[in-house]
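Survey of secondary and tertiary structure
Now for the letters of each chain:
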Amino acid sequence: GKTIVCDAGVHPAFTGIASLPFIDELDWSTVDALLVTHFHLDHAASLTYILEKVREESTSSGYNPMYILLLTGHTNFKDGKGKVYMTHATKAVYKFMMQDFVRMSSASGDPLFSALELSLTLPLIIPVSAHQQISPCPGVTFIPYHAGHVLGACMFMIDIAGLKILYTGDYSREEDRHLVKAEVPPIRPDVLIVESTYGVQSLEGRPEKEAMFTSEVHSIIRRGGHVLLPVFAMGRAQELLLILDEYWDQHPDLHNVPVYYASSLAKKCMAVYQTYIHTMNANIRNRFEKRDNPFVFKYISSLAHSRNWEKKVADGPPCVVLASPGFLHTGPSRELLELWAPDSRNGLIITGYSVEGTMAR
């Protein structure tokens, strides 16, 4: 008689109500706990909608009645015993991610919720630490384990009356420049619910991928072009910044070539990364102990979004720009793509997974 929900995301290729999962298939008044593995939109962006709930709309509102949530406030979170959990680092980044999500979706005219509704739900989220055993209700416990992937990401070992279920969310078993690799929990699960994004593919090792990436960037710069790297503001972007800063340091011919990250969100969240150094791998922790902060970059700077900044960069000398969003559907990355595409010297490098139905795919 216990109900645990894992993750609450949206489909990045859609907007508004159409981006939601089938949340009307579940009676949310019965949910005992909602566990969020990490801050990416496809795992966390419908959380506010679920917690705050939409008002029941009449068919004259323009919504398709199939998508109208029929429960009017009867969740188990605001007034009942249901609880929401994510790690401390995930909650810290989630706040900024969702503020940016509200701003972008409001600009497109199809917001799922308002900034006020977001702020009302933040106190409902209970932050937890890796390896901490939590009991959200009688008969249920869970333990978060490091999942790699992005800062704060975890997998959950859930125990319901002795039945052990491991839910991984997105994970990476390969240690990168700043994150620990996903742990193998010491407890053998009875049920495994695992992500399968690359489940039927063999990928190159990290050193090979890094070499291909930096070689391609260098090649575009040599031919006098601009390099566009569409990224999500948090996660892959920080890893790429570390790779590029190290590569630039090793190649004096690039020292005068600027590298920018064009994301106010990434700039804000960099403070979160510096706060949670202790959750990262030994390499990062050791550098920090020696007063060498790896996130204070030598060759990379934030690009201020002044008037017509995209055209100023396009008309300027060769450079590298990391711009969000990663799917190229709107925002700075899309604007730079349209400005730079006519010049064959320029280059676009897709740096991560692209969802079906998006421009990046």
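For the structure given in this document, a descriptive report is provided here. Model, not experiment: these values are computed from the prediction.

**Thoughts on a nonpolar patch on the surface**
On the surface, Leu163, Val191 and Ile193 cluster together to form a nonpolar patch covering roughly 220 Å² of accessible area. Tracing the chain through its elements places valine 191 in strand 9 (residues 191–193). Overall, valine 191 belongs to the partly exposed group, its relative accessible area being 33%.

**Notes on the nonpolar core**
By size, the foremost hydrophobic cluster in this structure holds 79 residues, and its most contacted members are Leu34, Leu47, Tyr94, Leu244, Trp248, Val320 and Leu322. Ranked by residue count, the leading element in this core is helix 6 (residues 236–250), at 8 residues. Sequence-distant contacts of tyrosine 94, defined by excluding residues within four places in its chain, comprise Phe39, Ala44, Leu47, Thr48, Met86, Leu118, Leu122 and Ile125. Formed by 14 residues, the second largest nonpolar core is a distinct cluster that contains Leu303, Ala314, Ala323 and Leu328.

**Details of the packing of aromatic side chains**
Across all of its chains, the model carries 6 aromatic pairs by this definition. Centre to centre, the rings of tyrosine 85 and phenylalanine 142 are 5.0 Å apart; their planes meet at 65 degrees, and the pair counts as edge-to-face. Taken as a pair, tyrosine 85 in strand 3 (residues 83–87) and phenylalanine 142 in strand 6 (residues 140–146) lie far apart in primary sequence, 57 residues in all. In terms of burial, tyrosine 85 and phenylalanine 142 fall into one category: buried. Note on phenylalanine 101 and phenylalanine 113: the rings are 5.8 Å apart at their centroids and 45 degrees apart in plane angle, and the pair reads as tilted. Residue phenylalanine 101 is found in helix 3 (residues 88–107), and its partner phenylalanine 113 is found in the loop between helix 3 and helix 4 (115–121); the two are separated by 12 residues along the sequence. The residues phenylalanine 101 and phenylalanine 113 share a single accessibility class, namely buried. Linked through ring pairs, Tyr85, Phe142 and Phe156 together constitute an aromatic cluster.

**A look at the packing of helix 5 (residues 206–222) against helix 6**
Remark: helix 5 packs on helix 6, axes separated minimally by 11 Å, with the N-to-C direction vectors making an angle of 65 degrees. The interaxial crossing formed by helix 5 with helix 6 has right-handed handedness. Only Glu239, Leu240, Ile243, Leu244, Tyr247 and Trp248 of helix 6 make contact with helix 5, whose side of the interface consists of Glu210, Phe213, Thr214, Val217 and His218. For the contact of helix 5 with helix 6, a count of residues per class yields 7 nonpolar, 2 polar and 2 charged.

**A closer look at helix 10 (residues 331–340)**
Those residues of helix 10 not exposed but buried are Gly331, Pro332, Ser333, Leu336, Leu337 and Trp340. If you follow the buried residues of helix 10, they end up packed against helix 3, strand 10 (227–230), strand 11 (259–262), helix 9 (309–315), strand 13 (320–323) and strand 14 (347–348).

**What to know about the side chain of histidine 40**
Looking at the secondary structure, you find histidine 40 in the loop between strand 2 (33–35) and helix 1 (41–44). Histidine 40 gets classed as buried once you look at its relative accessible area, which sits at 14%.

**Things to note about unusual backbone geometry**
Positive phi, close to 75 degrees, is recorded for histidine 131, a residue that is not glycine. Among the secondary structure elements, histidine 131 is positioned in the loop between strand 4 (125–128) and strand 5 (134–137). Taking relative accessible area as the criterion, histidine 131 reaches 47% and is therefore assigned partly exposed. The backbone phi angle of alanine 161 is positive, close to 55 degrees, even though this residue is not glycine. Here alanine 161 lies in the loop between strand 7 (154–160) and strand 8 (163–167).

**Some points on the pattern of salt bridges**
Any two side chains of opposite charge can pair if their charged atoms end up close together. In total, this model carries 10 salt bridges according to the counting rule given. As a salt-bridge pair, aspartate 159 and lysine 164 come within 3.3 Å of each other at their nearest N and O atoms. Note that arginine 334 and glutamate 338 form a salt bridge whose closest N and O atoms lie 2.9 Å from each other. Here the residue arginine 334 and the residue glutamate 338 both occupy positions in helix 10, the gap between them amounting to 4 residues, near one helical turn. Its relative accessible area of 23% is what places arginine 334 among the partly exposed residues. Given the relative accessible area of 53%, glutamate 338 is considered exposed.

**A word on the side chain of threonine 48**
Locating threonine 48 in the fold gives a position in helix 2 (residues 47–52). One polar contact links threonine 48 to tyrosine 94, side chain to side chain, over a distance of 3.4 Å.

**Considerations on the packing of helix 3 against helix 7 (residues 264–275)**
If you want to describe how two helices pack, look at the angle between their axes and the distance between the axes. At a closest axis distance of 10 Å, the pairing of helix 3 and helix 7 adopts a crossing angle of 165 degrees. One way to sum up the angle between helix 3 and helix 7 is to call them roughly antiparallel. The two elements helix 3 and helix 7 meet at a crossing, and its hand is right-handed. Of the residues in helix 7, those in contact with Ala89, Ala92, Val93, Phe96, Met97, Gln99 and Asp100 of helix 3 are Leu265, Lys268, Cys269 and Val272. Its residues assigned to classes, the contact of helix 3 with helix 7 comprises 8 nonpolar, 1 polar and 2 charged.

What counts and what doesn't
- Residues numbered from 1 in each chain as written.
- Predicted model: local features only at pLDDT ≥ 70, side-chain atom pairs only at ≥ 80, totals over all residues.
- Heavy atoms only, no water.
- Patch = residues over 30% accessible without salt bridge, like charges linked within 9 Å, V, L, I, M, F, W, Y side chains within 5 Å.
- Areas by Shrake-Rupley, 256 points an atom, 1.4 Å probe, with all protein chains shown as cover.
- Salt bridge = Lys/Arg side-chain N within 4 Å of Asp/Glu carboxyl O.
- Helix = DSSP H or I, 4+ residues; strand = E, 2+ residues; numbered from the N terminus.
- Buried < 20%, exposed > 50% of the residue type's maximum accessible area, 1.4 Å probe, protein only.
- Core = buried A, V, L, I, M, F, W, Y, C linked by side-chain atoms within 4.5 Å.
- Contact = heavy atoms within 4.5 Å.
- Phe/Tyr/Trp six-rings, centres within 6.5 Å; stacked < 30°, edge-to-face > 60°.
- Axes fitted to C-alpha atoms, helices over the stretch in contact; angles between N-to-C directions.
- Left-handed = near helix turned anticlockwise from the far one by under 90°.
- Nonpolar A, V, L, I, M, F, W, Y, C, P; charged D, E, K, R; others polar.
- Polar contact = N/O pair within 3.5 Å; in protein donor to acceptor, adjacent residues only side chain to side chain.
- Parallel < 35°, antiparallel > 145°, perpendicular 65-115°, else oblique.

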